[in-house]
Amino acid sequence: MSLADIPLTTLDGRPTSLADYADRAVLVVNVASKCGLTPQYGALEKLAQDYADRGLTVLGVPCNQFMGQEPGTAEEIQTFCSTTYGVTFPLLAKTDVNGEDRHPLFAELTKTADADGAAGDVQWNFEKFLLAPGGAVVNRFRPTTVPDAPEVIAAIEAVLPG
């Protein structure tokens, strides 16, 4: 099964998949509203705005597995993201990224190694996976690597379709 075939659900309950973004680069990020890294939402939104016309989609995936830092309902998450950080990029339904109930998307994404060669479980909120157009996972950035870090920007620019 390719990543594009894995069924996903938007935060507002609509079915989707990565096939909807097949012609775009996609930055998949597990997000949380009550984390010390939550301010990364601002940089993620800036990336989404700055690179949208060049073929990048940021895709946020709320997760409550790290110290309960995403406790809200779908409506609460959407309201927080839009009013606090002006988030306009798509958000998926709250998802488990690790463990027995790990979503199939993250079962595949976590096979990808980071810059140090380590694959496996998501370490914390705001871990980032960069997919090239067509769906190949090309980079993995750990949570403390900010979205506008030079290595993230360079990786994004290297896979933009336009």
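Residues numbered from 1 in each chain as written. Predicted model: local features only at pLDDT ≥ 70, side-chain atom pairs only at ≥ 80, totals over all residues. Heavy atoms only, no water.

### Quick word on the side chain of Asp-114
- Tracing the backbone shows Asp-114 in the loop between helix 3 (104-109) and strand 5 (128-131).
- The buried category is assigned to Asp-114, whose relative accessible area is 12%. (Helix = DSSP H or I, 4+ residues; strand = E, 2+ residues; numbered from the N terminus. Buried < 20%, exposed > 50% of the residue type's maximum accessible area, 1.4 Å probe, protein only.)

### Looking at the UniProt feature "active site" (unreviewed entry) in the protein
- UniProt marks Cys-35 with the feature "active site" (unreviewed entry), using the numbering shown here.
- Looking at the secondary structure, you find Cys-35 in the loop between strand 3 (25-31) and helix 1 (40-51).
- A residue is classified by how much of its surface remains accessible, and Cys-35, at 9% relative accessible area, is buried.
- For Cys-35, the residues in contact, after removing those within four places along its chain, are Gln-69, Trp-124 and Asn-125. (UniProt positions renumbered as here; feature names shortened; annotations may be inferred. Contact = heavy atoms within 4.5 Å.)

### Quick word on the environment of Asp-20
- Take Asp-20: it is sitting in the loop between strand 2 (15-16) and strand 3.
- According to the relative accessible area criterion, Asp-20 is partly exposed, its value standing at 49%.
- The spacing of Asp-20 and Ala-4 is 16 residues in sequence and 8.0 Å in space, taken between C-alpha atoms.

### Quick look at the packing of aromatic side chains
- Across all of its chains, the model carries 7 aromatic pairs by this definition.
- Ring centres of Phe-66 and Trp-124 lie 5.3 Å apart, and the angle between their planes is 45°; on these two criteria the pair is classed as tilted. Note that Phe-66 is positioned in the loop between strand 4 (56-62) and helix 2 (74-85) and Trp-124 in the loop between helix 3 and strand 5, a separation of 58 residues in sequence.
- Note on Phe-66: relative accessible area 7%, which makes it buried. (Phe/Tyr/Trp six-rings, centres within 6.5 Å; stacked < 30°, edge-to-face > 60°.)

### Considerations on the pairing of strand 4
- Most of strand 4 is tucked away, with 7 of its 7 residues classed as buried.
- Of the two faces of strand 4, the one holding Leu-56, Val-58, Gly-60 and Pro-62 and the one holding Thr-57, Leu-59 and Val-61 are both buried throughout.
- By the bridge criterion, 7 bridges tie strand 3 to strand 4 in an arrangement that is parallel. Of the residues in strand 4, the one forming a bridge with Asn-30 is Val-61. (Pairing = 2+ DSSP bridges.)

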